[in-house]
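# Inside the fold
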Amino acid sequence: MSMEQKSRRIGIGSVGLGNISKGVHLPGIERSPDLKLVALCDIDPKALKEAQEKYNIPDSHCFTNYQDLINCPDVEAVDISTPNDSHFEIAYAAAMAGKPYALEKPITMTREEADKLAEITREKGLKSMVCFSYRFIPAVRYMKDIIDRGLIGDIYHVSMQYFQAWGLPDANVPLVWRYIKERTGSGALGDLGSHGIDLVRFVTGKEYKKVIGHAGTFVHERKIPGSDETGKVDVDDFCNYMAEMDGNTSVNFQITRFAYGRGNYQRMEVYGSKGAMVYHLDATPNTNEIEVCMGEVNREARVFTKLPIPDKFKADQMQSFADILKDKGDDLAATIFDGQRNQHVLDSILESVEKGEWVTL
Ligand SMILES: NC(=O)c1ccc[n+]([C@@H]2O[C@H](COP(=O)([O-])OP(=O)(O)OC[C@H]3O[C@@H](n4cnc5c(N)ncnc54)[C@H](O)[C@@H]3O)[C@@H](O)[C@H]2O)c1
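Quick caveat: nothing in here was measured; it's all calculated off a predicted structure.

## Some points on the overall build of the protein chain
- Looking only at helices and strands, the protein chain has 12 helices and 17 strands in total.
- Projecting the C-alpha coordinates of the protein chain onto the three principal axes gives extents of approximately 65 × 55 × 40 Å.
- Taking as baseline every contact in the protein chain between residues at least 6 positions apart, the subset at least 24 positions apart corresponds to 69%.

## So, the site of the ligand
- Close to the ligand lie 23 residues; Gly16, Gly18, Asn19, Ile20 and Glu104 are nearest.
- Class assignment for the residues of the shell around the ligand results in 9 nonpolar, 9 polar and 5 charged.

## Considerations on the domain arrangement of the protein chain
- When its domains are assigned, the protein chain resolves into domain 1 (3-133) and domain 2 (137-314 + 331-360).
- A straight line from the C-alpha centre of domain 1 to that of domain 2 covers 26 Å.
- The interface is formed by 20 residues belonging to domain 1 together with 22 residues belonging to domain 2.
- When contributions to the side of domain 1 that touches domain 2 are tallied by element, the ones reaching two or more residues are helix H6 (111-123) and strand E6 (128-130).
- The element contributing the most residues to the side of domain 1 that touches domain 2 is H6, with 6 residues.

## Observations regarding the sheet that holds strand E11 (residues 238-245)
- Strands sit in the order E16-E15-E14-E13-E7-E12-E11-E8-E17 across an open sheet of 9 strands; the sheet is mixed. Bordering the open sheet on either side are strand E16 (305-308) and strand E17 (359-360), each of which pairs with just one other strand.
- One ladder, built from 2 bridges, connects strand E8 (residues 208-216) with E17; its direction is antiparallel. Counted as the bridge partner of Val211 is Val359 from E17.
- Against the sheet, helix H7 (residues 138-148) touches strand E13 (265-272), strand E14 (275-281) and strand E15 (289-294), its axis set at about 165° to E14.

## A short note on helix H5 (residues 87-96)
- Counted residue by residue, H5 has 7 buried out of 10 residues, so it is predominantly covered.
- Close packing links the buried residues of H5 with strand E1 (10-15), helix H4 (66-71), strand E4 (77-80), strand E5 (101-103) and H6.

## Describing unusual backbone geometry
- Looking along the chain, the bond that leaves Lys105 and enters Pro106 is cis, with omega of -15°.
- Backbone geometry at Asp331 places phi at a positive 65°, although glycine is not the residue there.
- On the secondary structure map, Asp331 appears in the loop between helix H11 (317-325) and helix H12 (336-355).

## What about the pairing of strand E7 (residues 155-163)?
- When E7 meets E13, the two strands line up antiparallel, connected through 8 bridges. Opposite Tyr162, over in E13, you have Gln266 as the bridge partner.
- As paired elements, E7 and strand E12 (residues 249-256) share 7 bridges and run parallel to each other. Considered in E12, the bridge of Phe163 is made with Thr256.

## Points about the packing of helix H9 (residues 188-204) against H12
- The geometry of H9 relative to H12 is characterised by a closest axis approach of 10 Å and an angle of 120° between their N-to-C directions. When the interaxial angle is binned, H9 and H12 end up oblique. Where H9 crosses over H12, the two elements pack in a sense that is right-handed. Mapping the contact onto sequence places Leu189, Gly190, Ser194, Ile197 and Asp198 in H9 and Asp338, Asn342, Val345, Leu346 and Ile349 in H12.
- Within the contact of H9 with H12, the residues separate by chemical class into 5 nonpolar, 3 polar and 2 charged.

Each value, and the rule that gives it
- Residues numbered from 1 in each chain as written.
- Predicted model: local features only at pLDDT ≥ 70, side-chain atom pairs only at ≥ 80, totals over all residues.
- Helix = DSSP H or I, 4+ residues; strand = E, 2+ residues; numbered from the N terminus.
- Contact = placed C-beta atoms within 7 Å.
- Near = placed C-beta within 6 Å.
- Nonpolar A, V, L, I, M, F, W, Y, C, P; charged D, E, K, R; others polar.
- Domains from an automatic or database assignment.
- Pairing = 2+ DSSP bridges.
- Axes fitted to C-alpha atoms, helices over the stretch in contact; angles between N-to-C directions.
- Buried ≥ 20, exposed ≤ 12 C-beta atoms within 10 Å, placed from the backbone.
- Parallel < 35°, antiparallel > 145°, perpendicular 65-115°, else oblique.
- Left-handed = near helix turned anticlockwise from the far one by under 90°.

The following block contains the structure:
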């Protein structure tokens, strides 16, 4: 990257202007002093118009076909937040055009697609980011730092819960793409479990060696949006799985959309030879802390102490993409290669659920 590129804003084209784009991607691009939103794309003209008006993008830079956005000369990097079934083709097309990209999770529908995407990205020497958003939570980064410094010792166990409640029958969520295998790949597993898999790998620095899973569906029929008919849910409402990681670390995950009273609740507990830590999200809204039990005194008293998170662990997802593009990244955001590992674990869990046995990665 030239000096001139380093000092000016990089032109971003965003594809897929739904919930996560409106809530995280577009505001994050706008906030960044290093990025400039220059083009938009959505197959839904209403979604396109709404974002166009909000961010004041000219007609010439608003598209319903992602290839047109990728071909737009002002687009230097592509930001992708469409449903899962189009991630691969859009990111692959961006890579073929030699444009770096930020991609939502789960990165693809299968590990074969993930391998192809990783390969073309490597071959073209492109920068990439996968939006494993919880890597940007300061408490998570603090936990990783404590583990990296060896303060927890050898890690024996990690327990990870990711609970939401919007699957419950009385929430009446219709048959949106997240319930259709052809569009989403898997249900709670790919949606929430992919984050859990990445979080534990990120925090511990360990790779998965083998997995075994149990998944199920509680509500089998849901109303087709805009119709009186119902259609079949063919993905998991919950998925619980265990994993063995490097160094014999044994991890268990509980992932569900049927946890009454939960919003976007996560809890991760880490138990090592020298200490233990607990991270939670959303249990007490707006708190940013971890709980630690370290050293003889805490251990004897069985006390976990709440620690506030030092400011230096603050991070921002879209600014991290800008930093990657400008060669000043902190190496903590996920790249396509982390996404590739993640997809292999997801596929192995699905394989294990089907076979009812452990699957080695
Ligand atoms: N990182 C996170 O924490 C997080 C949170 C929520 C969603 N996500 C991911 O973000 C993605 C989108 O989720 P969402 O909740 O915003 O979905 P959504 O349904 O609200 O929005 C998707 C948008 O993409 C558009 N779209 C569909 N196919 C397209 C195509 N081929 N080209 C252009 N536009 C297209 C749709 O019209 C829609 O506006 C999913 O992959 C999801 O897993 C990630």
